[in-house]
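Residues per chain, in single letters:
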Amino acid sequence: MNPLSSSDQANMAGEQRKLRLQVLGLNTVEAEATFDRVARIAASLTKSPLAMVNFINDERQMFRGMYVPPSSPDAPMTGSESNGIVFDLSSVAREAGNDYGFCPHVVAQGSQLALDDVFDYPRFKGNPLVNDMGVRSYLGTPLRDNTGMILGTVCVADVKPRTWDRELREGMQELTETLLSDFKLRDSLLAQQQELFSVFDGAPFPIMLTEGPHHLLRYANGRQGSAFGMVPQFSPGRHVLPTLEAIGVFNAMDDAFRTGQATMLNRASVATYDMGLPQDFNFLCTPVRTSPSAPISGVLTVAMNDTGQSYPGSDQQAFAANVQERFERLGAGGLPGGPAPGHH
């Protein structure tokens, strides 16, 4: 058997990172206060005008934490003067391709990368980051989770050459390690949520948990699959559950995700796979978070059948309210990865 090529190994590593990020609820570009705060500390520690907490999957980089210079000319700068170069990144997107910048190199080599002057390195001086933003120096540190997997980087950059001395390099390493507690907390929540999902598995009506504004499917119980179709984990709900999209369920989920308030879609009629005839459902959509202080990460949707259902509607409402309370108590937002169910 031929050994895997370096490109094959890189692709496999990227796919493993993507799965881990999906499980942790980190495979999106949405900003998160914890990571923005770490980026701000990194900028202050190194007196750099740009800092990021960057997660990298097999397709893109996601800057979930970012510090950029204040857009106001009167606002104080974190870093030193930029020698006349305008370094206004207030409109920088929170994602980029894997050919942009130097962070993918840090992840690939698995060690800290310090570039005192990018122009001293032919392989780096032509990078789009240099041309687009005038970056001349960079310090990137691998961001490892509590299992030891590299998920991305914590990095800083400047528009002039810098000497990243040992003290700065070690300080960035220590700062990066402070995020281990966040990853441990997420894993702890995942384990607790798995216990709660065992309750969902036995529920007599459909339940699904989705992530993010695009409602990626993270969990569905057996009744959800038998009624509306089994779909792959982490697939976009709108595309793989067209019957629910047609009756407005995902619009109600949009409202819950946007407003942070539970939303009810009443008496929506849909033909189910198991019955073959239209059934009337009330859909309760509840926003969920990874922790009480975190932004909304997804929506828990419970479908309560009003048509020919032996389980009384009032009991369904009580169950849904109990589920909501327990889920919020845990802090929602993820489930352990496992084999994705096949499409119906």
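Residues numbered from 1 in each chain as written. Predicted model: local features only at pLDDT ≥ 70, side-chain atom pairs only at ≥ 80, totals over all residues. Heavy atoms only, no water.

Enquirer: Where do I start with the confidence of the model for the protein in this structure?
Expert: For residues with low pLDDT, the predicted coordinates do not support detailed interpretation. Averaged over all residues, the pLDDT of the protein equals 82, while 79% of them reach at least 70. Every residue in residues 72-91 scores below 50 in pLDDT, and together they form 33 contacts with partners more than four places removed in sequence or on other chains. When the criterion is pLDDT under 50, residues 332-344 qualifies, and its contacts beyond four places in sequence or with other chains add up to 49 contacts. (pLDDT = per-residue confidence, 0-100. Contact = heavy atoms within 4.5 Å.)

Enquirer: Help me understand the sheet that holds strand β8 (residues 216-220) in this model?
Expert: Two strands in a sheet stick together by hydrogen bonds in their backbones, pointing the same way (parallel) or opposite ways (antiparallel). Pairing in this open sheet of 5 strands is antiparallel, and the strands run β8-β7-β11-β10-β9 from one edge to the other. Two strands in the sheet have a free side with no partner beyond their single neighbour: β8 and β9 (263-271). The average angle at which neighbouring strand axes cross in this sheet is 30 degrees, direction not considered. Where strand β7 (residues 207-211) meets β8, 4 bridges bridge the pair, whose relative direction is antiparallel. Bridged to Thr-210 within β8 is Leu-217. Most of the contacts of helix α7 (residues 180-201) go to β8, to which it runs at about 70 degrees, and overall it touches β7, β8 and β11 (296-305). (Pairing = 2+ DSSP bridges. Helix = DSSP H or I, 4+ residues; strand = E, 2+ residues; numbered from the N terminus. Axes fitted to C-alpha atoms, helices over the stretch in contact; angles between N-to-C directions.)

Enquirer: Can you walk me through the sheet that holds strand β4 (residues 113-115) in this structure?
Expert: One open sheet accounts for 6 strands, arranged β3-β2-β1-β6-β5-β4; its pairing is antiparallel. Two strands in the sheet have a free side with no partner beyond their single neighbour: β3 (95-97) and β4. Neighbour-to-neighbour, the strand axes of this sheet turn through a mean angle of 25 degrees, independent of strand direction. Two elements, strand β1 (residues 50-56) and strand β6 (residues 150-158), share 6 bridges in a ladder whose sense is antiparallel. The residue of β6 that forms the bridge with Met-52 is Cys-155. Of the strands in this sheet, β4, β5 (137-144) and β6 are in contact with helix α6 (residues 166-177), which crosses β5 at around 35 degrees.

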